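So you can see what is in the structure, the chains are spelled out below.
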Amino acid sequence: MIMSENSGSSRSATGPGWWQVARHGTCPACNTPGMVWAGRVWEPPKLNDHCRACGEPLAVHEASGRALYPVVIPLVALLVFSALRVDDIWRLPLWVYPLVWGPASALIVGLAVRAVRAAVLAARVAPRGQG
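Conventions adopted
- Residues numbered from 1 in each chain as written.
- Predicted model: local features only at pLDDT ≥ 70, side-chain atom pairs only at ≥ 80, totals over all residues.
- Heavy atoms only, no water.
- Phe/Tyr/Trp six-rings, centres within 6.5 Å; stacked < 30°, edge-to-face > 60°.
- Helix = DSSP H or I, 4+ residues; strand = E, 2+ residues; numbered from the N terminus.
- Contact = heavy atoms within 4.5 Å.
- Buried < 20%, exposed > 50% of the residue type's maximum accessible area, 1.4 Å probe, protein only.
- Core = buried A, V, L, I, M, F, W, Y, C linked by side-chain atoms within 4.5 Å.
- pLDDT = per-residue confidence, 0-100.
- Salt bridge = Lys/Arg side-chain N within 4 Å of Asp/Glu carboxyl O.

Draft legend 1. Spotlight on the packing of aromatic side chains. Overall, the coordinates contain 1 aromatic pair when judged by the stated rule. Taking the centre distance of 6.0 Å and the plane angle of 85° together, the rings of W18 and W19 count as edge-to-face.

Draft legend 2. Structural view of the environment of A22. Position of A22 among the secondary structure elements: in helix α2 (residues 18-24). Separated by 15 residues in sequence, A22 and W37 place their C-alpha atoms 8.6 Å apart. Excluding anything up to four places from it in sequence, A22 contacts W37, R114, A115 and A118.

Draft legend 3. Highlighting unusual backbone geometry. For N31, which is not a glycine, the phi torsion comes out positive at approximately 60°. Along the polypeptide, N31 turns up in the loop between α2 and β1 (37-38). A positive phi angle, near 50°, is found at R91, a position not held by glycine. Along the chain, R91 falls in the loop between α3 (69-90) and α4 (96-124). Taking relative accessible area as the criterion, R91 reaches 60% and is therefore assigned exposed.

Draft legend 4. View of the nonpolar core. V21, V36 and L121 are the most contacted members of the largest nonpolar core, which totals 14 residues. Of all the secondary structure elements, the ones that give two or more residues to this core are α2 and α4. Considering every element that reaches this core, the biggest residue donor is α4, with 3 residues. In this structure, L68, L75, A83 and V109 belong to the second largest nonpolar core, which totals 11 residues.

Draft legend 5. Broad picture of the confidence of the model for the chain. Taken residue by residue, the chain gives an average pLDDT of 82. The fraction at 70 or more is 85%. Mean pLDDT per element in the chain: helix α1 (residues 10-14) is the minimum at 49, and α3 is the maximum at 93.

Draft legend 6. How the structure looks around the pattern of salt bridges. Evaluation of the coordinates by the stated rule reveals 2 salt bridges. A salt bridge links R117 to E62, with the nearest nitrogen and oxygen atoms 3.0 Å apart. Pair noted here: R117 is in helix α4 and E62 is in the loop between β2 (46-47) and α3, with a separation of 55 residues, a long-range link. Note on R117: relative accessible area 12%, which makes it buried. You can call E62 partly exposed: its relative accessible area is 22%. In this structure, D87 and R91 form a salt bridge, with 3.7 Å as the shortest nitrogen-oxygen distance.

Written out as structure tokens, the structure is:
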């Protein structure tokens, strides 16, 4: 099958990239923005059961558990070493560390998990042709 048979642009033929899925919640099957993520922004990223626009099942492609270990564990180690390095350089009061590193760690790990889940979803779901 030739890719040029689809009447859409090359972006619609290949589907959105993982960055568009992560940032805008673009469905990899129909390219409709805002259809992928369930819950609020401050909650851990979770996929909708299905796309509200095209009905593509999304929850079956959820990357969770052991699939996230290769991302989360090195990231947490990097955050710990960063906190130790900051302590070596500036010697801040003890109460500053939970105030700064708690929210920063939650934000950084949450964004990394969202990016990994978006990459898995974008890789597993084939885009539908326009024609």
